Amino acid sequence: MADKVTRCTLQEVHGIPLLEPIVQHWEKVEAFQAFPEDLLIVTYPKAGTTWTQEIVDLILHGGDAEMVRRAPTNTRMPFLEFSSPKASHPGITQLEKMDPPRVIKSHLPIQLLPKSFWESGSKVIYVARNPKDTLVSYFHFDRMNMVQPEPGPWSGYQKKFMEGQLGWGSWYEHVKGYWKEKDKRNIHYLFFEDMKENPAREIQRIAKFLGHRLSEDILNNIVQLTTFDAMRENPMANYSSVPGNIFDRKASDFLRKGEVGDWKNHLSPEENAAFEKHYVETMSDCEIPFRFVI
Ligand code: A3P
């Protein structure tokens with residue numbers, strides 16, 4: 001029988017709560033050496049990281065589905081800061097064996113990113129998703145991922161989200177941090193809701209940022225290969241390689257719903273009003289065009 005996994009606690013690095021094993025190995029993350037050809041995909045958790053990774057890998061391989069099925073997502077595009085109780089910095093270990101251009105995933109807020117990304121001028125794609133759907137998605141993820149801290153009840157979870165007490169800290173500060181820097185640095189800032197509304201347009205924009213031009217055929221192919229249904233069926237994109245003692249699929253799937261507006265099925269009218277009030281206050285210093293429905 002597979003080992004029982006113990007959920008991690010959170011500890012802080014420079015005031016940001018992260019999984020305890022990541023904090024244990026923080027020096028290694030801080031010292032990570034990025035190359036100019038590297039591409040970083042960075043998000044607050046549950047913003048559509050995996051979806052964007054699949055799109056980017058397909059763009060880089062001319063829409064070749066077989067090439068992109070060469071390995072699971074986290075092997076193709078390692079998770080920079082990740083460490084678990086069983087494996088210290090597997091992402092960095094793997095990245096050190098890869099030649100640039102490497103595609104790297106991270107959830108770090110801008111102030112915690114290793115400096116070498118800015119020094120080397122690596123391209124950065126930031127994906128943002130409206131906070132209500134992010135909150136719902138994170139809650140279900142914490143229910144199913146046995147390495148993440150215990151989510152506790154739904155009402156308390158909302159409070160933790162609003163107060164920035166979940167892993168990787170405040171959603172509000174995260175999205176603002178990259179937004180404020182996007183025009184000064186090499187950052188392509190995109191929205192989950194836009195990808196959902198018009199995937200072809202957003203894929204073309206990503207391709208342009210990466211210096212690629214996609215033919216109509218290749219673009220259509222990438223749109224088809226990265227629909228929610230196609231990715232859900234794709235064992236190299238749906239995290240089915242993660243063992244069941246870590247991802248409890250009885251609690252939730254990793255590719256769960258992939259929708260805009262699922263928050264309406266979770267937040268009561270009172271909860272929604274409180275969330276909304278807090279959102280308006282917290283975001284008043286930075287206008288980011290988030291959409292809660294499309
Ligand atoms: P839900 O929990 O709302 O379904 P991340 O990769 O950053 O962890 O984000 C996971 C979220 O993105 C999940 O949201 C997942 O279903 C959604 N997602 C992944 N691939 C998608 C796709 N191709 N289309 C739409 N949503 C997708």
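All values derive from a computational prediction rather than experimental measurement.

This part covers the sheet that holds strand E5 (residues 123-128). Judged by pairing direction, the sheet is parallel, and its four strands sit side by side in the order E4-E3-E5-E6 without closing on themselves. Here the strands that pair on one side only, and so sit at the sheet edges, are strand E4 (103-106) and strand E6 (187-191). Each strand of the sheet is rotated relative to its neighbour by a mean of 20°, with strand direction disregarded. Of the strand pairs in this sheet, E5 and E6 are connected by five bridges, and their pairing is parallel. Bridge pairing links Ile-125 to His-188 in E6. Sitting on the sheet, helix H10 (residues 171-181) touches strand E3 (39-43), E5 and E6, and the angle it makes with E6 is about 135°. Each of E5 and E6 is contacted by helix H12 (residues 199-209), which is oriented at about 170° to E6, the strand it contacts most.

Another point: the layout of surface pockets. Here the second largest pocket defines a volume of roughly 270 Å³. Lining the second largest pocket are 16 residues, and of these Glu-37, Leu-60, Pro-101, Arg-102 and Val-103 sit closest to its centre.

In this section: the packing of helix H3 (residues 49-60) against H12. Describing two packed helices takes the angle between their axes plus the distance from one axis to the other. Between H3 and H12, the shortest axis-to-axis distance is 10 Å and the interhelical angle comes to 60°. Put simply, H3 runs oblique to H12. By crossing handedness, the relation of H3 to H12 is classed as right-handed. Together, Thr-52, Ile-55, Val-56 and Ile-59 of H3 and Ile-203, Ile-206 and Ala-207 of H12 make up the contact between the two elements. Among the residues making up the contact of H3 with H12, the classes are represented as six nonpolar, one polar and no charged.

Attention shifts here to the packing of helix H8 (residues 131-144) against helix H15 (residues 269-282). Contact pair H8 / H15: the axes reach a minimum separation of 11 Å and the direction vectors enclose 120°. The angle between H8 and H15 falls in the class oblique. From H8, Pro-131, Lys-132 and Leu-135 reach across to H15, where they touch Asn-272, Phe-275, Glu-276 and Tyr-279. In terms of residue class, the contact of H8 with H15 is built from four nonpolar, one polar and two charged.

On to the environment of Arg-201. When you line up the elements, Arg-201 lands in helix H12. Remark: the alpha-carbon pair of Arg-201 and Val-5, spanning 196 residues in sequence, is separated by 41 Å.

This next bit is on the pattern of salt bridges. Opposite charge on two side chains permits them to pair, given that their charged atoms come into close proximity. Tallying each qualifying case throughout the model produces 24 salt bridges. Across the pair Glu-173 and Lys-176 runs a salt bridge, and its minimum N-O distance is 3.8 Å. With a gap of three residues between them, Glu-173 and Lys-176 both fall in helix H10, about one helical turn apart. Residue Lys-176 is classed as buried on the basis of its relative accessible area of 3%. Residue Glu-181 is joined to Arg-185 by a salt bridge in which the shortest nitrogen-to-oxygen separation is 2.9 Å. The exposure class of Glu-181 is buried, given its relative accessible area of 18%. Arg-185 sits in the partly exposed class, given a relative accessible area of 31%.

Reading the values: the criteria
- Residues numbered from 1 in each chain as written.
- Predicted model: local features only at pLDDT ≥ 70, side-chain atom pairs only at ≥ 80, totals over all residues.
- Heavy atoms only, no water.
- Pairing = 2+ DSSP bridges.
- Helix = DSSP H or I, 4+ residues; strand = E, 2+ residues; numbered from the N terminus.
- Axes fitted to C-alpha atoms, helices over the stretch in contact; angles between N-to-C directions.
- Contact = heavy atoms within 4.5 Å.
- 1 Å grid on protein atoms, 1.4 Å probe; cavity = no way out; pocket = protein on both sides within 12 Å on 5 of 7 lines; lining within 4 Å.
- Points joined across faces, edges and corners; volume = space filled by probe spheres on them.
- Parallel < 35°, antiparallel > 145°, perpendicular 65-115°, else oblique.
- Left-handed = near helix turned anticlockwise from the far one by under 90°.
- Nonpolar A, V, L, I, M, F, W, Y, C, P; charged D, E, K, R; others polar.
- Salt bridge = Lys/Arg side-chain N within 4 Å of Asp/Glu carboxyl O.
- Buried < 20%, exposed > 50% of the residue type's maximum accessible area, 1.4 Å probe, protein only.

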